[in-house]
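Summary of structural features
Read off the chains here:
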Amino acid sequence: MISSGKGMVAMARKTTGDIVFEIIVYFLAVTVGLLCLYPILHVLFASFSDPSRLMAYHGLMLKPLGFTLNGYRLVFKDDRILIGYRNTALYVGLGTLLNMAVTVMGAYTLSRRDLYWKKPIMIIITITMFFGGGLIPWFLIVKNLGMFNNLAAMLFPTALNTWNMIIMRTAFEGVPHELEEAAQIDGASEFYVLVKIILPLSKAVLAVIFLYYFVGNWNSWFNAMILLPDRGKWPLQLFLQEILVQNDSSYSTVGTGGSVAISSVQGTTAYRELVKYCSIIVSTLPVMCIYPFLQKYFVKGVYVGSLKG
Amino acid sequence: MEAEYTLRRTKSAKKELIRKDFHAHWFAYLLILPVLAWYLVFCYAPMWGVMISFQDFKPLLGFFRSPWVGWKHFSEFITGPYFWRLIKNTLLLNIWGLVFGFPAPIILAVVLNEIRHKWLKRSLQTITYMPHFISLVVLCGMIYIFTQPNGVLTQMVGFFTGHTDQSLLGVSSYFRPIYTFSGVWQNIGWDSIIYLAAIGNIDSELYESASLDGANKLQSIWHVTLPGMLPTIIILLIFAMGGLLNSSFEKIILLYNPLTYDRADVIASYVYRRGIREGSYSFSTAVGLLSSVVNFGFLWATNVFARKYSEISLW
């Protein structure tokens, strides 16, 4: 929008300084882009590489070292990845549904204009953005309420995110008031107004908030780590932590059948390395496939100054 | 007499108003109930639970029957051996984040805004957003891979130091750079969105008149773009300052180990280790409470400062 008008003026008289400036700008931007991209490409290339060559390799990787799909074969045979994927699908599916429902409910109420109790409600919510009980009391309360080692632990503590609710409220407030009034004069209920007028007109923000929750649920691991001791209930991220981060010897000794499948393959150490790369790709792919489609809405999903007023 | 009459009348008018309001908006109030219940259970109940920092909390005795011990845990922490180390590490790690992580997305937004090839701008945005969608566990997994002896980062550092025989994560002096720059990598693109939105709201006439006044590109960035972003920058800076004693301990507990505790252990990771891992519930709650009080102090002070000098503030 701005660049067109500004561009025309700049085009009219381009000085040497402007050209130097432009070169620097493009150079900087492309450098940042490459720096952001390279680590991901490195992992991608390594995941297809020959494990023994991978072990011996030092330095930057600009193409796969050889080509093999063995790493991916092992990953898809690994019980941990399969169980993790299944559990994550359950937690993300139900969790995101619950997130959206609760967030829409809160945002709807907070977007009403003339609620008598709106200000007290807003104060109750805003206070929690500045004060909290901290990790330990939260953990004890959640555990005492029976949300431990079960599905509830993965759903209710993260059911709502205040920022997301406020972003959605702002979008709902932007729906033309006349539309709602006209519908209400025609005898439409509040439920009808919400479902048939407000929600369809806020699709962009609903999509962005959905993405935020989806990604948050997909990537979350901490709550699972402290609330789910039972391995059979672990989400993908927790198994990934075991595969990627706890770089001790627990790999071939602990756990379910999956690790046996890997340790029985020749060249365990090399394959163990290869599996790391492959499991990164396999676990990250779903999220990577979604976000570019919603990219044009991201700007609508940021809202500073929402705390004011 | 008369005063009492008006008072009674306003009181009943108020009652009438509340009744009418509820009648008109019962649906909205119905919908907010589960939301308020959520805040009650997951935000306010833990705030009430902070009282265990003044108790010797035993899970078997619960919140109500655990003995009260006053300020014992607070004084134990303040006089303990780790107090200053934790304060220093938390502050330094956040200051590193502020110095390197805060300006980076601002610069990226300004640079992206100057790119006139639409396809390039959009692809660069897609690419720089990508790291944001990688999970913390995977990010840390990648850090482990890149910092092992034959890893890319170890090789690059080794080019200068000559040492490539051990993981960089085992050397405490590398912890702050690794933590900070991996954070910059993950968030530079995503955090630039908000600044791009701010730039998008700048009136394009300002650029034209700057150009008519003979401003070159750099000058128009300095005199138009940056002032236009300033309110956003200040609000985000207030938040960042308010978080100086906060840290994303989840990333720290994934990356640190006893070899690097002397620089990597921060208040929040200490609370986690002592509380969740070792079960010292009351002690670690006291530590957490102390740091949130100080944190709010930072936030409040920055807000006062910002209001005084820029007239932009949170409240």
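Residues numbered from 1 in each chain as written. Chains lettered and ligands numbered in written order. Predicted model: local features only at pLDDT ≥ 70, side-chain atom pairs only at ≥ 80, totals over all residues.

As a further point, take the overall build of chain A. Broken down by element type, chain A carries 17 helices and zero strands. Counting across all 309 residues of chain A, residues that qualify as buried make up 35%. Counting contacts in chain A only where the partners sit at least 6 residues apart, residues at least 24 apart contribute 74% of the total. (Helix = DSSP H or I, 4+ residues; strand = E, 2+ residues; numbered from the N terminus. Buried ≥ 20, exposed ≤ 12 C-beta atoms within 10 Å, placed from the backbone. Contact = placed C-beta atoms within 7 Å.)

On to the domain arrangement of chain A. Residues and elements named next belong to chain A. According to the domain assignment, chain A contains domain 1 (2-70) and domain 2 (73-301). Counting from both sides, the interface comprises ten residues of domain 1 and, opposite them, eleven residues of domain 2. Where the side of domain 1 that touches domain 2 is concerned, the elements lending two or more residues are helix 2 (16-47) and helix 3 (51-56). By residue class, the composition of the side of domain 1 that touches domain 2 is seven nonpolar, three polar and no charged. (Domains from an automatic or database assignment. Nonpolar A, V, L, I, M, F, W, Y, C, P; charged D, E, K, R; others polar.)

Another point: the domain arrangement of chain B. Each assigned domain of chain B is listed here: domain 1 (2-54) and domain 2 (72-310). Taking the mean C-alpha position of each, domain 1 of chain B and domain 2 of chain B sit 39 Å from one another.

Bringing unusual backbone geometry into the picture now. Residue and element names in this part refer to chain A. With a phi angle near 60°, N149 is a residue other than glycine that sits in the positive phi range. With respect to the secondary-structure elements, N149 resides in the loop between helix 7 (135-144) and helix 8 (151-155). By C-beta crowding, N149 is classed as partly exposed, having 13 other C-beta atoms within 10 Å.

With that settled, consider the interface of chain B and chain A. Frequently, the measure chosen for interface size is the accessible area that the parts lose on association. Each partner contributes to the interface: chain B provides 82 residues, whereas chain A provides 83 residues. Of the residues forming the side of chain B that touches chain A, the biggest block, 19 residues, is contributed by helix 1 (residues 2-49) of chain B.

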